[in-house]
Amino acid sequence: MRLSLYKYRIVPLVSLILVGIIFPPSLPASPAPLPSKLAQSNSQAAVDSLNQGLQAIQAGRVQDAIAAFKQASQLDPTLAAAHYNLGLALRQTGQLQPSADAFYRATQADPKFAPAFANLGGTLLEGNNLELANDYLLRALELDPKLGFAHYNLGLLREQQRDCNRAIASFKKAIEYSKNAPEPPYHIGMCYLQQGKLDQARDAFNQAIKINPKYPEAYYNIGSILFNQRKLQEALEAFRKSAEANSNYPNAYYGAGLVFMQLQQYRDAVQVLQFARDLYNAQGNSQWAKNTEQLLQQAQNFNR
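Basis of the calculations
One numbering rule holds for all chains: residues counted from 1, following each sequence as written. For this predicted model, a pLDDT threshold of at least 70 governs which residues receive local features, and a threshold of 80 or more governs which side-chain atom pairs are given and counted, while totals over whole chains, interfaces and linings are taken from all residues. As a convention, hydrogens and water are excluded, and side-chain values are obtained from all of the structure's heavy atoms. Axes here mean lines fitted to C-alpha atoms, for a helix over just the part in contact, with angles spanning 0 to 180 degrees between N-to-C directions. The helix count covers DSSP runs of H or I at least four residues long, the strand count covers runs of E at least two residues long, and both are numbered beginning at the N terminus. Oblique is the label for any angle not under 35 degrees, not over 145, and not in the 65 to 115 range, which are roughly parallel, roughly antiparallel and roughly perpendicular in turn. Handedness of each helix crossing follows the sense of rotation of the near helix against the far helix: counterclockwise by less than a right angle gives left-handed, clockwise gives right-handed. Working rule for contacts: check all heavy atoms of both residues, and any pair within 4.5 Å makes them a contact. Polar here means any residue outside two lists: the nonpolar Ala, Val, Leu, Ile, Met, Phe, Trp, Tyr, Cys and Pro, and the charged Asp, Glu, Lys and Arg; Gly therefore counts as polar. To sort residues, take the accessible area from a 1.4 Å probe on protein chains only and compare it with the maximum for the residue type: under 20% means buried, over 50% means exposed, and anything in between is partly exposed. Cysteine sulfur atoms are paired as a disulfide whenever they fall within 2.5 Å. Salt-bridge detection follows one rule: a side-chain nitrogen of Lys or Arg within 4 Å of a carboxyl oxygen of Asp or Glu.

A. Highlighting the packing of helix α4 (residues 80-92) against helix α5 (residues 96-109). The contact between α4 and α5 brings their axes to 8 Å, and the two run at 160°. Considering the angle they form, α4 stands roughly antiparallel to α5. Considering the relative orientation of α4 and α5, their crossing is left-handed. Contacts between α4 and α5 pair A80, H83, Y84, L86, G87, L88, L90 and R91 from the former with L96, P98, S99, A102, F103, R105, A106 and A109 from the latter. Within the contact of α4 with α5, the residues separate by chemical class into eleven nonpolar, three polar and two charged.

B. Spotlight on unusual backbone geometry. Positive phi outside glycine occurs at R162, with the angle close to 60°. Tracing the chain through its elements places R162 in the loop between α8 (148-160) and α9 (164-177). The exposure class assigned to R162 is exposed, which follows from its relative accessible area of 61%. A positive phi angle is found at R230, which is not glycine, with a value near 65°. Relative to the assigned elements, R230 resides in the loop between α12 (216-228) and α13 (232-245). For R230, a relative accessible area of 43% translates into the label partly exposed.

C. Spotlight on the state of the cysteines. Counted by the stated rule, this structure contains zero disulfides. The structure places no disulfide on C164, whose sulfur is separated from the nearest cysteine sulfur, that of C191, by 4.0 Å. Given the relative accessible area of 7%, C164 is considered buried.

D. Just the pattern of salt bridges, in detail. Enumeration according to the criterion identifies ten salt bridges in this entry. The partner of R202 in a salt bridge is E234, with the nearest N and O atoms 3.7 Å apart. With R202 in helix α11 (residues 198-211) and E234 in helix α13, the pair connects residues that are 32 residues apart, well separated along the chain. A salt bridge links E237 to R240; its shortest N-O distance comes to 2.2 Å. Placement of both E237 and R240 in helix α13 is noted, with a separation of three residues, approximately one turn of the helix. What makes E237 partly exposed here is its relative accessible area of 31%. On the basis of relative accessibility, which here comes to 37%, the residue R240 falls in the partly exposed class. Connected via shared salt-bridge partners are E237, R240 and E244.

What is shown is where atoms sit, not what they do.
This is the structure:
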């Protein structure tokens, strides 16, 4: 009996790491003349609200931060930092469209604000608006060619378009300017997998693990490569490390189940597949819960 891990392999959804810059709570050193004392008052009040929002974010009070950033942006619509940090906070709560709107207002308030363009592009990418996302990401890189997370988001876009060569080039740029981020080498590995370059993919996943030793998806994909190379014990060890990195990552247990099936260790296969199935169900992944249940039944039949 030969089971293909790639048939069952679950490619994790792209997770955008929208790294942002929290602006310091201060006015520019030489502010433009304000037309009235009322405008001066509003501007200072806006900065005060911005400060409150930043403090709330640091304390983990995201909803309070959102309220403060909204107030700051209403008091002074030209305060780009207020719109930008509102976008980051809204993105943190999964509100993609309001987040994109806030980032857009930040770009209008400051047309040279590269991180706002990059985060706007990243948010649009996650919303699957690839054309606009591409435009804003390219604009971000025109403004700041060394903006690592803009290169990363552009790489994600090109990966989604299955343009692997250009995606890899973008991810390599991201590595150049964001050396401590494990996501770019991980996605280089995913691109090499698409191209069937397994050794290069494995090297890239190992590079991601060197940066972040608790990267379950990277261990999982190394395991899948080893499994398909018939290196079963090494694959099992990779899946074990994946589960150690995140005990709630069901793919790790599923991969281990496939290895145990190949080794004809059906009792062990039953145990890990049951765990994988329960995790898939708990996480709302009904399709893969069903797939795992089918494999589990095979293991139970062999174990009789």
